[in-house]
Amino acid sequence: MDGGRSTAQRRRNPMPVPNHDRHFYSRNRAFGRFGIRIFEPELMALPHWHGHVELNFAMNFRMDYDFDGTSLTVPEGRLVLFWAGVPHQLTGIDPVGEGAQRLANIYLPLDSFLQMRHIMPLQAALIGRGMAVLPPSLCDSDLVQRWYMDYRSGDFERAEIVKMELNALFRRAAITGVDFLRPPQHEIGTDRSLSSAHVRHIIAMVRYVLENLDKPLLNAQVTAVTGLHENYALSLFSKTMQVPLKQFINRMRLMRARALLVESSTAISAVAEQSGFSSITQFYAQFRAGYGISPAALRQHYIQMDLR
């Protein structure tokens, strides 16, 4: 990053999260609505999370992002994708050129994304907390503007075409190659013998986990939603996600807890309960193992950042 930018060029004073995107998602639901908006970017006071794969396209500016505790710079004029169930926060805006800064957000419900065909490595990479960036040859501002106009038309068919074009775009990206601003935190599954039926089973298990994180989760409960034998479903999950189901559940619990800690004043004991940890001792031990810091210290860190 360019340390010579002036204060006027670099806007870092925290601002409230804009309200006009709230109708796309709810913090209490695993999956939200499909939607597109283009707006003047605003800094986010705190990280947040919601049930989409989110696509960002920055026009005439670069973005600094906090993504699950990792600081990233999102380039101008490139389409980036990430699973928004990961806590994320826009922390810096760096103008490029003289044009007005505009940010396009595309909200693609996670279950819709996971049902798209022939993009399994990308699906696994985003669930694995990677942030992907597509080649500039595949998507420019004109294409994003067209999608936005199709969505705003209110015509169901035009909105469905946008979703089909997004699937085609992801398939093209699978051929041309995808870069990662943050690589997935587990190896990307590459077993091409996995069928679309297998993907649907993975979707069902992921959805059940996300919608029931506050409850005790046994392997048998999660795999039951597939109708498959428990051992086979567990093997299928591990093969596709390259992480055992129990480890995946624990990651999701930690991510839920982290989001609750930084975006609410909920008591730490209640955060542990709402994230599905069986005891406060277990919560503290696993949180420190996962993030290298205690829950209380993490919350205090963000409080201090907000007071700057």
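Please refer to the structure placed before this passage.
Worth saying up front: this structure is predicted, and the values here are computed from it rather than measured.

This brings us to the nonpolar core. Grouped together as the largest cluster of nonpolar side chains are 76 residues, with contacts concentrated most on Phe113, Trp147 and Phe170. Other than its neighbours up to four places away in sequence, Phe170 contacts Leu55, Leu81, Leu108, Phe113, Met116, Ile119 and Leu122. If you look at the next biggest cluster of nonpolar residues, it comprises 13 residues, including Leu261, Val271, Phe277 and Phe287.

With that settled, consider the pattern of salt bridges. Inspection of the entire model under this criterion finds 10 salt bridges. One salt bridge in this structure joins Arg182 and Asp68, with 3.7 Å as the shortest N-O distance. Highlighted residues: Arg182 in strand E9 (residues 179-182) and Asp68 in the loop between strand E3 (61-67) and strand E4 (70-74), separated in sequence by 114 residues. The network of salt bridges with common partners includes Asp68, Arg129 and Arg182.

All right, on to unusual backbone geometry then. Although it is not a glycine, Asn60 adopts a positive phi angle of roughly 70°. Relative to the assigned elements, Asn60 resides in the loop between strand E2 (52-59) and E3. For Asp68, which is not a glycine, the phi torsion comes out positive at approximately 55°.

Another aspect to go through is helix H2 (residues 120-127). Of all 8 residues making up H2, 7 are buried, and the element is well covered by its neighbours. Buried within H2 are the following residues: Met120, Leu122, Gln123, Ala124, Ala125, Leu126 and Ile127. A positive backbone phi angle near 70° is found at Arg129, which sits one or two residues after H2.

On to the packing of aromatic side chains, then. Taken as a whole and judged by the stated rule, the model has 9 aromatic pairs. Centre to centre, the rings of Phe34 and Tyr151 are 5.9 Å apart; their planes meet at 80°, and the pair counts as edge-to-face. Separated by 117 residues along the polypeptide, Phe34 in the segment before strand E1 (35-39) and Tyr151 in helix H3 (residues 141-152) bring together distant segments of the chain. According to the relative accessible area criterion, Phe34 is buried, its value standing at 11%. With a centroid separation of 5.4 Å and an interplanar angle of 75°, the aromatic rings of Phe67 and Phe82 are classed as edge-to-face. Here the residue Phe67 occupies a position in strand E3, and Phe82 occupies one in strand E5 (residues 79-83), the gap between them amounting to 15 residues.

Turning our attention to the sheet that holds E3. Strand order in the open sheet made by the 3 strands is E4-E3-E6, with antiparallel pairing throughout. Of all strands in the sheet, those bounded by a partner on one side alone are E4 and strand E6 (88-95). Neighbour-to-neighbour, the strand axes of the sheet open up by a mean angle of 20°, direction not taken into account. Sheet topology note: the E3/E6 ladder contains 7 bridges and is antiparallel. Counterpart to Arg62 in the pairing with E6 is Asp94.

Here the focus is the side chain of Thr223. Relative to the helices and strands, Thr223 resides in helix H6 (residues 219-224). Classification of Thr223 by relative accessible area gives buried; the value is 2%. With sequence-adjacent residues up to four places away left out, Thr223 is seen in contact with Met205, Leu228, Glu230, Ala233, Leu234 and Leu245.

A rise of 1.5 Å per residue sets the reference length of helix H7 (residues 230-241), with its 12 residues, at 16 Å; its end C-alpha atoms lie 16 Å apart and thus fit the reference within 8%. Regarding H7, the residues found buried are Ala233, Leu234, Leu236, Phe237, Thr240 and Met241. Across the axial projection of H7, the buried residues extend over an arc of 160°, all falling on one side.

So, about the sheet that holds strand E8 (residues 131-133). With antiparallel pairing, the 6 strands of this open sheet are ordered in space as E1-E7-E2-E5-E8-E9. Bordering the open sheet on either side are E1 and E9, each of which pairs with just one other strand. With strand direction ignored, the average angle separating the axes of adjacent strands in the sheet is 20°. Strand direction decides the pairing type here: E5 and E8, joined by 3 bridges, are antiparallel. Residue pairing across strands places Leu81 opposite Ala132, the latter belonging to E8. Where H3 meets the sheet, it contacts E1, E2 and strand E7 (102-109), and its direction lies at approximately 120° from that of E1.

Thresholds, definitions, all that
- Residues numbered from 1 in each chain as written.
- Predicted model: local features only at pLDDT ≥ 70, side-chain atom pairs only at ≥ 80, totals over all residues.
- Heavy atoms only, no water.
- Core = buried A, V, L, I, M, F, W, Y, C linked by side-chain atoms within 4.5 Å.
- Buried < 20%, exposed > 50% of the residue type's maximum accessible area, 1.4 Å probe, protein only.
- Contact = heavy atoms within 4.5 Å.
- Salt bridge = Lys/Arg side-chain N within 4 Å of Asp/Glu carboxyl O.
- Helix = DSSP H or I, 4+ residues; strand = E, 2+ residues; numbered from the N terminus.
- Phe/Tyr/Trp six-rings, centres within 6.5 Å; stacked < 30°, edge-to-face > 60°.
- Pairing = 2+ DSSP bridges.
- Axes fitted to C-alpha atoms, helices over the stretch in contact; angles between N-to-C directions.
- Expected span 1.5 Å × (residues − 1).
- Arc of directions from axis to C-beta.

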